[in-house]
Amino acid sequence: MQAIADFAEQIALEAGRLIKHERDNNPLRTDYKDQTELVTHADLLADKLITEAIQARFPSHRILSEESRPDKSQAADLDSPLWIIDPIDGTVNYAYGHHQVAISIAYAEKGHVQAGIVHAPFVAETFRAVRGHGATLNQARIQHSGATVPRDSLFATGFPYTKDKLPPLVKRLDAMIHNCRDLRRLGSAALDICWVACGRLDAYYESVSPWDFAAGRLIALEAGARAGHFSEVPDGYPVDLWGQDLLISAPEIYNQLRDILQEASRG
Ligand code: IPD
Ligand code: CA
Ligand code: CA
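Because the structure is predicted, anything quoted here is derived from the model rather than measured.

1. A few points about the site of ligand 1
Here's step 1: Residues in contact with ligand 1 amount to 17 residues; listed here are only the nearest, Asp89, Gly90, Thr91, Tyr161 and Glu206.
Here's step 2: Asp86 places a polar side-chain atom, nitrogen or oxygen, 3.3 Å from an oxygen atom of ligand 1.
Here's step 3: Residue Arg185 places a side-chain N or O atom 3.0 Å away from an oxygen atom belonging to ligand 1.
Here's step 4: Notes on ligand 1: free accessible area 380 Å², of which the protein chains cover 93%.
Here's step 5: Taken together, the residues that form the shell around ligand 1 break down as 5 nonpolar, 5 polar and 7 charged.
Here's step 6: Mapped onto the domain boundaries, the shell around ligand 1 takes at least three residues apiece from domain 1 (2-141) and domain 2 (150-266).

2. Quick word on the coordination of the calcium ion (ligand 2)
Here's step 1: All of the protein donors around the calcium ion (ligand 2) are Asp86 (OD), Asp89 (OD) and Asp212 (OD); their distances to the metal are 2.1 to 2.2 Å.
Here's step 2: Coordination of the calcium ion (ligand 2) draws on donor residues from a single chain, spaced D-x2-D-x122-D in sequence.
Here's step 3: Taken as a pair, the calcium ion (ligand 2) and the calcium ion (ligand 3) lie 3.6 Å from each other and share Asp86 as a ligand.
Here's step 4: On the accessibility criterion, Asp86 (0% relative accessible area) is buried.

3. A look at the domain arrangement of the chain
Here's step 1: Here the domain parsing of the chain yields domain 1 (2-141) and domain 2 (150-266).
Here's step 2: The distance between the C-alpha centroids of domain 1 and domain 2 comes to 20 Å.
Here's step 3: Residue-level contacts link 44 residues of domain 1 with 27 residues of domain 2.
Here's step 4: Ionic pairing is found between Glu125 and Arg200, a salt bridge with its closest N-O pair at 2.9 Å.
Here's step 5: Those elements giving two or more residues to the side of domain 1 that touches domain 2 turn out to be strand S3 (62-65), strand S4 (82-89), helix H3 (91-96), strand S5 (102-109), strand S6 (112-120), strand S7 (125-130) and strand S8 (135-137).
Here's step 6: Tallying contributions element by element places S6 first for the side of domain 1 that touches domain 2, with 8 residues.
Here's step 7: Here the residues of the side of domain 1 that touches domain 2 are counted per class, giving 23 nonpolar, 13 polar and 8 charged.

4. Notes on helix H1 (residues 2-25)
Here's step 1: Between its terminal C-alpha atoms H1 stretches 34 Å, which fits the 34 Å expected from 24 residues at 1.5 Å a residue.
Here's step 2: The inward-facing, buried residues of H1 contact helix H2 (41-57), S4, H3, S5, S6 and S7.

Thresholds, definitions, all that
Residues numbered from 1 in each chain as written. Chains lettered and ligands numbered in written order. Predicted model: local features only at pLDDT ≥ 70, side-chain atom pairs only at ≥ 80, totals over all residues. Heavy atoms only, no water. Near = heavy atom within 4 Å. Polar contact = N/O pair within 3.5 Å; in protein donor to acceptor, adjacent residues only side chain to side chain. Areas by Shrake-Rupley, 256 points an atom, 1.4 Å probe, with all protein chains shown as cover. Nonpolar A, V, L, I, M, F, W, Y, C, P; charged D, E, K, R; others polar. Domains from an automatic or database assignment. Donors = N, O, S within 2.8 Å, 3.2 Å for Na, K, Ca; no water. Buried < 20%, exposed > 50% of the residue type's maximum accessible area, 1.4 Å probe, protein only. Contact = heavy atoms within 4.5 Å. Salt bridge = Lys/Arg side-chain N within 4 Å of Asp/Glu carboxyl O. Helix = DSSP H or I, 4+ residues; strand = E, 2+ residues; numbered from the N terminus. Expected span 1.5 Å × (residues − 1).

Here is the structure:
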């Protein structure tokens, strides 16, 4: 598995160089998916680089990738190994020249994520985990914050591009802001989760797609954080890849945060 993680890390670094070079040297070329969702030329280039490298090395493996193969039903198919790719997580940040941008690559067997890389090229930070072997940031071991109460906890979340389902999210946000220290909306789910893993944040919750969180979730778990959902995961669906109502936090505050989010979802 370390060889798989080495390979994933190497292509994440390569894609990182590509998207950094694109932003530093070429005018930003953007488009929209589904009328609202921003996508840059760099998203497409990085997706191509990563998926072609995986196909060349592992022709029998499947790929779930945000830009070129976004068929999410792949996540529930356990037949052959699956790679889960977000070529740029934080596209809006990328387009605005912010640094909170990452490439996320996860590798799963039978629905269980075994290795994950989240690489942030603008700050030269690479988070990595292999199941059972801990999590690292630039090769140094990382650990969650050890937060013990929601009141002293800093949390991150995000909001979908389409605004039609906002009211319940705003209700949950209201409850969290009232019960925690403060909110950060950083714009990259993969990095939000890695920041919980290394203690820069105490908690993260959101509903996202497998490519946004698959690698980060393993990194957080391997850093001793707790990961789960504040609503039911459908029977038989791989928990590692179910992105609805995700909650990832330092272990001691997990139950209390889950209660706050469930209560706000009910009322
Ligand atoms: C987005 C980011 C953001 C989250 C959105 C995601 P993208 O991914 O992770 O933080 O709130 O739900 O779609 O579009 O930048 O790859
Ligand atoms: Ca994403
Ligand atoms: Ca993306």
